[in-house]
Amino acid sequence: MSKVNITINGKPYEAEAGKTILEVARENNIYIPTLCYLEGVNQYGGCRLCMVEVETNGRPMRNLQAACMIKISDGMSIKTNTERVRKARKVNLELLLSCHPKDCLSCPRSLDCELQTLSRRLNVTEPRFEGEMKDLPVEISTVMTRDMSKCVNCRRCVAMCNKIQKIGVLNAQKRGFKTVIQPSFGMNIADTDCTNCGQCISVCPVGALRETDAIDPVVKAIEDPNKYTIVQVAPAVRVAIGEPFGMPSGSVATGKMVTALKALNFDEVFDVNFGADLTIMEEGTEFLQRAKAALTGGEAVLPMMTSCSPGWIKFIEHRYPELLPNLSSCKSPHMMQGALVKTYYAEKLGKDPKDIYLVSVMPCTAKKFEIARPEMNENGVPDVDAVLTTRELANMIKQAGIDFVNLPDSEFDPPMGISTGAADIFGVTGGVMEAALRTVYELVTGRELPCENLHVAPLGDSTQIKTASLTFENVLPEYKFLEGFTANVAVTSGFDGAAQVMEMVKAGKAFHFIEVMGCPGGCIVGGGQPRGVKAEKWAARKAGIYAIDEGKQLRKSHENPAIKAIYEEYLGQPCGHKSHEILHTHYTARGKYNELI
Amino acid sequence: MIIKNVQDLKLVADRYNAEFGKYEHTVYVCGGGGCISSKCQATKDFVESYIKELGLTDKVNVVFTGCMGTCAMGPVVLIEPERIYYVHVTPERAKDIIDRQVVKGEVIEEYTFFDANLQKHIPCIDDIPFFAEQVQIVLNKCGKIPFDSIEAYIAKGGFTAEAKAFGMTQEQIVDEVTKSGLRGRGGAGFPTGIKWSAGMKAPGENKCIVCNADEGDPGAFMDRSAIEGDPFCLIEGMTIGGYAIGAHNGYVYCRAEYPVAVERFNKAAEIAREWGLLGKNILGSGFDFDIELRIGAGAFVCGEETALMSSIEGQRGEPRQKPPFPFESGLFGYPTIINNVETYYNIAEIINKGADWFASYGVGRSKGTKVFALAGDVINTGIVEVPMGMPLRKLIFEIGGGIVDGKKFKAAQIGGPSGGCITEKNLDTSVDYESLTSLGAIMGSGGLIVMSEDTCMVDTARFFMQFIQDESCGKCTPCRIGTKRMLEILERIVAGNGTLEDLDTLEELSHVIKDTAMCGLGQTAPNPVLSTISNFRDEYEAHIVDKSCPAHVCSALAKYYIDPEKCRGCTLCARNCPVQCISGKVKEPHVIDQSKCIKCGACQANCKFGAVIKK
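Per chain, residues are indexed from 1 in the order of the written sequence. As a convention, the first chain written is A and the first ligand written is 1, with the rest following in written order. At least 70 in pLDDT is required for a residue's local features to be given in this predicted model, at least 80 for side-chain atom pairs to be given and counted, and no such filter applies to totals for whole chains, interfaces and linings, which use all residues.

Participant: What is the right way to read the overall build of chain B from this model?
Facilitator: The way it works is that DSSP assigns letters per residue, a run of H or I at least four long becomes a helix, a run of E at least two long becomes a strand, and they are numbered from the N terminus. In terms of regular secondary structure, chain B is built from 24 helices and 21 strands. To get the radius of gyration, use the C-alpha atoms; to get the globule rule, take the number of residues to the power 0.38 and multiply by 2.2 Å. Taking 25 Å as the expected radius of gyration for a compact globule of 615 residues, we find that chain B reaches 27 Å, a close match to that expectation. A principal-axis box enclosing the C-alpha atoms of chain B has dimensions of 85 × 65 × 40 Å. Looking at chain B as a whole, 54% of its 615 residues are labelled buried. The burial label depends on the number of other C-beta atoms within 10 Å of a residue's C-beta. Counts of 20 or more mean buried, 12 or fewer mean exposed, and intermediate counts mean partly exposed, with C-beta atoms placed from the backbone.

So, in structure tokens, the structure goes:
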């Protein structure tokens with residue numbers, strides 16, 4: 001990259017050509033306020049808060065320029081702090097505030113609101129330009145709550161939905177002051193092909209988009225003496241839950257989290273990692289069964305695709321219903337575990353499953369939709385009763401007045417608190433595949449997966465689509481059919497990548513096993529995780545997850561003693577009769593309006 | 001047939017002229033937008049059938065043309081060779097005209113054009129100041145030939161410029177256009193040659209050339225008239241432009257509200273394809289070019305070039321940040337040149353007659369002519385084309401015929417919602433880009449709304465702000481919310497609830513919106529407000545301080561009184577008042593109770609003696 005020389009506020013800087021004024025300013029710790037801009041997601045130039053004075057070739061540009069949009073050029077002179085600039089920014093912010101509800105005190109985003117922060121920073125001290133407000137009804141679906149009266153039209157959610165995820169459900173409708181972000185024709189989001197990935201929520205700077213709160217019913221259940229409440233926590237939560245309490249991204253807070261959950265008076269605290277290990281046993285076996293059928297002249301649908309991500313499930317139901325047979329029939333880990341809690345564990349406790357209230361804490365918003373699927377129950381009792389996102393759990397902990405950072409560590413409760421490192425990496429893109437390969441390879445060959453530190457490169461990195469091949473040699477006698485077979489696997493995350501991989505599959509690309517996660521980067525940056533800059537958090541949280549995996553004695557799902565025990569005691573064998581009854585599911589093709597086909 | 005070269009063009013022209021020369025008379029019936037509204041189709045059908053009935057089909061030719069210009073007087077008919085111009089030609093009048101004018105050569109003066117200034121009928125079109133003062137380059141064929149005949153277009157010299165251009169290099173064409181001084185007629189007035197030069201130099205196999213026919217200014221209908229009346233000229237202009245910059249794909253973006261223009265252009269493009277004037281190897285040049293018309297949904301902002309491209313691409317019509325400019329990355333990411341309709345209509349003449357000829361019209365840096373749509377309180381509403389530099393007074397009072405009903409001139413809004421108003425004291429200003437800009441108005445695309453003393457300038461500003469707010473794309477804060485707040489303030493003022501601080505707030509918001517809005521629409525949105533405040537501050541203050549509207553327009557500030565001298569006590573007003581606020585005995589003067597009056601105007605409408613006065 002060539003370098004150019006510019007001046008900002010009279011001071012010379014050398015910077016890479018092609019960068020925007022904002023990027024260069026941020027690199028050099030020069031503050032320019034932004035609202036609509038979001039690194040890597042939204043470069044839109046709509047809020048007009050990042051206005052700066054620009055001079056090129058010695059000539060001042062007539063109007064103020066948006067620093068997030070204008071690329072630097074040699075000799076450019078930029079002023080970020082003149083009266084003209086400050087005044088323009090403030091007036092535009094005051095205009096945004098003029099139609100924003102003034103109910104900060106009761107807004108869920110209070111103190112975590114970018115608009116509020118800007119108001120302080122730009123020293124807004126009185127309401128000006130008052131006039132008509134946007135009076136729009138709050139739309140509440142199972143998954144999300146959309147309060148468009150609070151929307152500041154930054155279009156981050158639109159960029160997320162259209163440019164990053166390429167789902168295209170959300171866009172601006174109507175014009176002028178009436179402009180509103182919603183699905184076409186003002187449809188409710190629940191009546192569209194929205195995947196519920198929640199990425200729109202995770203980028204919203206204000207209180208306009210949030211998950212539909214499940215805290216109240218959970219608290220009610222805890223308080224109900226007739227309910228036995230169990231909580232189970234997904235792998236990705238433990239590396240993010242510390243953030244709302246000021247801990248650095250990626251801090252492994254498993255022990256504190258378990259202590260906090262116990263302090264919230266859950267009767268038992270389980271780890272969805274157990275379900276993840278179980279998933280590997282079921283999914284690995286299902287893969288081997290399909291491979292066997294395919295290689296021995298039987299009928300088998302390959303490639304097999306993972307089914308852990310409920311956003312991805314809804315995506316494929318809408319967009320590629322013809323590939324539904326490729327989906328693994330395994331329920332997602334927390335649903336498997338929920339099914340076991342409501343059957344096996346209820347029996348063990350000697351309780352009516354109806355009296356058990358199971359809460360999943362998830363990095364995910366789509367899980368709220370998943371638990372409401374009609375097929376997710378055992379004899380009419382739902383597998384899981386409520387889903388809390390990581391953000392909601394943090395709120396609950398705060399409401400309870402728990403000093404999270406200074407909590408001592410506790411352990412998950414047995415038996416569903418015991419897990420291997422293979423389960424932890426479910427939280428990162430590529431993790432399910434790696435976990436499956438660790439077990440499948442060893443089952444087939446009797447030897448450990450021949451990869452450094454058991455990590456299958458490059459499946460875990462941040463590339464959109466990753467592929468790897470693994471050849472089975474010197475297999476155990478019962479897997480003779482696999483001798484010399486090379487399994488081609490693919491891993492992707494985010495729906496843009498998913499669509500590309502599905503097109504490859506349709507075009508006949510010879511994959512055998514595909515992992516798809518709905519959120520770009522996997523569950524650690526799921527739609528239910530604490531908000532913030534994606535790229536930095538992704539790396540830190542991923543490092544946290546891998547540290548947990550590598551720090552464990554047991555790193556392969558089939559080594560989990562609790563898993564072995566449950567097969568012996570209750571399930572029989574992977575993909576056996578009992579498993580199929582409670583751990584597996586089926587899918588339904590859906591149309592554009594979420595109608596079942 | 002397929003036209004392969006200049007000889008073919010000449011052949012077609014000669015054949016057409018010979019055919020045309022057989023007739024003793026030609027009856028031109030205007031088929032422009034205004035005349036269509038006044039049922040010119042019936043007139044044309046009648047003329048054709050009556051000519052047939054009289055057995056004159058060999059002697060009298062009937063031609064259905066595009067707009068002739070005097071839109072308020074339709075349907076209009078021109079009889080050649082006498083060149084007598086008839087207005088308001090109903091089928092009944094048409095019968096008289098054929099019986100007397102065509103058959104007997106007798107001029108029916110009372111049916112001819114009435115010049116309000118001279119207070120007399122002027123039969124011959126060439127003597128009518130409305131036409132005589134115009135210089136037509138853009139409209140030189142519009143209204144003079146059948147809009148759907150490629151032969152007629154060729155007979156008038158059509159496609160010869162294109163043939164000539166194919167003999168030139170790209171650089172030569174761009175140089176010629178640059179030298180001519182032609183500037184974009186869409187509003188901003190960017191030099192066309194410089195834009196084309198950038199397009200020509202832009203690297204890339206695929207380039208696009210786009211015509212902006214999304215004419216959205218209230219009261220503007222120049223582009224519509226040009227396309228409806230002479231669609232082939234647009235094809236020729238765009239083809240030359242495409243050749244000059246190296247684009248093989250042309251797009252015309254036309255608003256859906258112009259169904260006649262859409263239909264006529266598509267028909268013309270189809271004919272041009274049949275004749276080999278669009279498609280592969282045009283005129284044997286080896287140059288391939290075709291044009292596709294895309295219909296816009298009528299959003300004003302889609303007239304902004306980047307929003308227009310988004311709309312063609314199937315996206316929401318929202319502007320994009322510039323740079324990159326369209327010539328760098330435009331339609332579908334290809335280098336793209338976008339010009340307004342009128343700009344393309346100048347191209348053929350510049351190529352044919354040369355840059356120097358073109359530059360001989362106009363003043364300073366404003367060369368050639370400008371088409372205006374005269375609208376509002378002017379007598380001759382319609383389409384006119386005048387050389388740049390004409391004094392505004394001449395345009396309004398000589399060509400436009402002055403103000404209706406003998407009212408006084410108050411202001412002229414030039415440049416639509418992005419423009420500003422010009423007042424009496426600046427009426428002698430020269431109509432050119434620089435002069436208008438210096439007065440806080442802009443040339444714009446040519447909408448010229450004339451306002452009489454009966455116009456409230458505050459209400460006018462409110463009207464334009466309402467328009468902007470309805471049409472803002474909603475992308476950027478200052479335009480989406482700022483213009484809304486400005487509108488609310490203006491609504492307060494016209495309702496009598498404004499304060500003097502409101503004026504400061506209007507100015508404050510105006511400056512920030514101009515300085516920070518993303519696109520031209522937003523940046524110019526406050527112009528009507530700034531311009532009316534600077535020219536008519538007293539009128540704003542009258543609304544705010546005196547709670548009165550000097551033009552008696554703002555109904556909330558109006559008061560109805562009964563003149564006791566004129567009132568006969570007939571009780572009609574009292575009986576029609578919906579709130580029973582008029583009292584009085586029979587045959588005695590009545591009185592309105594101001595505290596109860598809702599200012600509906602029913603009393604005034606029903607009074608037979610003109611006794612109810614609105615103040």
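Participant: What exactly am I supposed to notice about the domain arrangement of chain A here?
Facilitator: Many structure descriptions define interface size as the accessible area lost when the parts assemble. Residue and element names in this part refer to chain A. Domain extents, as shown, originate in an automatic or database domain assignment. The domain architecture assigned to chain A consists of domain 1 (3–94), domain 2 (134–211), domain 3 (215–273 + 335–406) and domain 4 (285–328 + 422–526 + 549–582). By definition, residues are in contact whenever their C-beta atoms, placed on the basis of the backbone, come within 7 Å of each other. Contacts between the two partners involve 9 residues from domain 2 and, on the opposite side, 8 residues from domain 3. Considering only residue class, the side of domain 2 that touches domain 3 consists of 4 nonpolar, 4 polar and 1 charged. Three classes are used: nonpolar for Ala, Val, Leu, Ile, Met, Phe, Trp, Tyr, Cys and Pro, charged for Asp, Glu, Lys and Arg, and polar for all others, with Gly counted as polar.

Participant: Just to check I follow, could you spell out the confidence of the model for chain B for this structure?
Facilitator: Caution applies to low-pLDDT regions: their predicted coordinates should not be interpreted in detail. Averaged over all residues, the pLDDT of chain B is 94; the fraction at 70 or higher stands at 100%. Taken over the whole predicted complex, pTM reads 0.91, whereas the ipTM for its chain interfaces reads 0.92. pLDDT is a residue-level measure of predictor confidence that goes from 0 to 100.

Participant: Can you help me understand the interface of chain B and chain A in this one?
Facilitator: Of the residues lining the interface, 25 residues belong to chain B; the matching set on chain A comes to 26 residues. Looking at the side of chain B that touches chain A, the elements with two or more residues in it are helix 18 (457–471), helix 19 (477–494) and helix 20 (500–516) of chain B. Top contributing element to the side of chain B that touches chain A by residue count: helix 19 of chain B, with 8 residues. Counted by class, the side of chain B that touches chain A contains 7 nonpolar, 8 polar and 10 charged residues.

Participant: Teacher, can you tell me more about the packing of helix 2 (residues 83–98) of chain A against helix 19 of chain B here?
Facilitator: Two packed helices can be described by the angle between their axes and the distance between those axes. Axis definition: a line fitted to C-alpha atoms, over the contacting stretch in the case of helices. Angles run 0 to 180 degrees between N-to-C directions. Running from amino to carboxyl end, helix 2 of chain A crosses helix 19 of chain B at an angle of 65°, the nearest separation of the two axes being 9 Å. Our classification of the angle between helix 2 of chain A and helix 19 of chain B gives roughly perpendicular. Relative to helix 19 of chain B, helix 2 of chain A is oriented so that their crossing is left-handed. Listed contacts from helix 19 of chain B to Asn-92, Leu-95, Leu-96 and Ser-98 of chain A of helix 2 of chain A are Thr-477, Pro-478, Ile-481, Gly-482 and Arg-485 of chain B. A class-by-class count of the residues in the contact of helix 2 of chain A with helix 19 of chain B yields 4 nonpolar, 4 polar and 1 charged. Should an angle fall under 35 degrees it is taken as roughly parallel, and over 145 as roughly antiparallel, whereas 65 to 115 is taken as roughly perpendicular and any remaining angle as oblique. Definitions for this section: a left-handed crossing has its near helix turned counterclockwise from the far helix by less than a right angle. A right-handed crossing has that turn clockwise.

Participant: Just checking my understanding: could you explain the sheet that holds strand 10 (residues 336–340) of chain B for this structure?
Facilitator: Paired through their backbone hydrogen bonds, the strands of a sheet run either parallel or antiparallel. All names here are of chain B. We call two strands paired when DSSP finds no fewer than two bridges between them. Read across the open sheet, the 4 strands follow the order 9-8-7-10; overall the sheet is parallel. The two strands at the open ends of the sheet, each matched to only one other strand, are strand 9 (290–296) and strand 10. Across the sheet, the mean angle separating the axes of adjacent strands is 20° when strand polarity is ignored. Two strands pair when backbone bridges link them, and strand 8 (residues 249–255) and strand 9 are joined in this way by 7 bridges, in the parallel orientation. Each residue of the ladder has a partner; that of Tyr-253, found in strand 9, is Arg-294. Strand contacts of helix 12 (residues 259–274): strand 8 and strand 9, with the helix running at about 165° to strand 9, the strand carrying the most contacts.

Participant: Help me out: how do you make sense of the nonpolar core in this one?
Facilitator: One recurring pattern in soluble globular proteins is that nonpolar side chains are buried together. Nonpolar cores are identified as sets of buried Ala, Val, Leu, Ile, Met, Phe, Trp, Tyr and Cys residues joined via C-beta atoms within 7 Å. Among the nonpolar cores identified, the biggest contains 364 residues, and Val-77 and Ala-412 of chain B are the most heavily contacted of them. By size, the runner-up hydrophobic cluster in this structure holds 12 residues, among which are Ile-562, Ala-574, Ile-582 and Cys-603 of chain B.

Participant: Just checking my understanding: could you explain the sheet that holds strand 4 (residues 84–86) of chain B for this structure?
Facilitator: Residue and element names in this part refer to chain B. Spatially, 2-1-3-4 is the arrangement adopted by the 4 strands of the open sheet, whose pairing is mixed. Looking at the sheet topology across the chains shown, the edges are occupied by strand 2 (60–65) and strand 4. Strand-to-strand twist in this sheet, taken as the mean axis angle between neighbours without regard to direction, amounts to 20°. In this structure, strand 3 (residues 77–80) lies alongside strand 4, joined through 3 bridges in antiparallel fashion. Within strand 4, the position partnered with Val-77 by the bridge is Tyr-86.

Participant: Looking at this model, I keep getting lost on the domain arrangement of chain B. Mind explaining?
Facilitator: Segmentation of chain B into domains returns domain 1 (6–132), domain 2 (150–359), domain 3 (362–452), domain 4 (457–546) and domain 5 (560–614). For domain 4 of chain B and domain 5 of chain B, the distance between their C-alpha centres works out to 36 Å.

Participant: Just to check I follow, could you spell out the packing of helix 2 of chain A against helix 20 of chain B for this structure?
Facilitator: It is at 10 Å that the axes of helix 2 of chain A and helix 20 of chain B come closest, and there the two elements cross at 105°. Taken together, the axis directions place helix 2 of chain A and helix 20 of chain B in an arrangement best described as roughly perpendicular. Judged by residue contacts, Ala-88, Val-91 and Asn-92 of chain A of helix 2 of chain A engage Glu-508, Val-512, Asp-515 and Thr-516 of chain B from helix 20 of chain B. Residue composition of the contact of helix 2 of chain A with helix 20 of chain B, by class: 3 nonpolar, 2 polar and 2 charged.

Participant: I keep staring at helix 1 (residues 6–21) of chain B and nothing clicks. Help me out?
Facilitator: Since one α-helical turn is 3.6 residues long, residues separated by three or four positions face the same way. Residue and element names in this part refer to chain B. Taking 1.5 Å per residue as the helical rise, helix 1 with its 16 residues ought to reach 22 Å, and the 22 Å between its terminal C-alpha atoms agrees with that figure. Of the positions making up helix 1, those classed as buried are Leu-9, Val-12 and Ala-13. Buried residues along helix 1 cover an arc of 100° about the axis, so they all sit on one side. Exposed residues lying more than 90 degrees from the buried face of helix 1 are Gln-7, Asp-14, Ala-18, Glu-19 and Gly-21. Check the buried side of helix 1 and you find it contacts helix 6 (150–155) and helix 7 (160–166). Multiply 1.5 Å by the residue count of a helix minus one, and that product is the helix's expected span. By construction, the arc corresponds to the directions joining the helix axis to the C-beta atoms.

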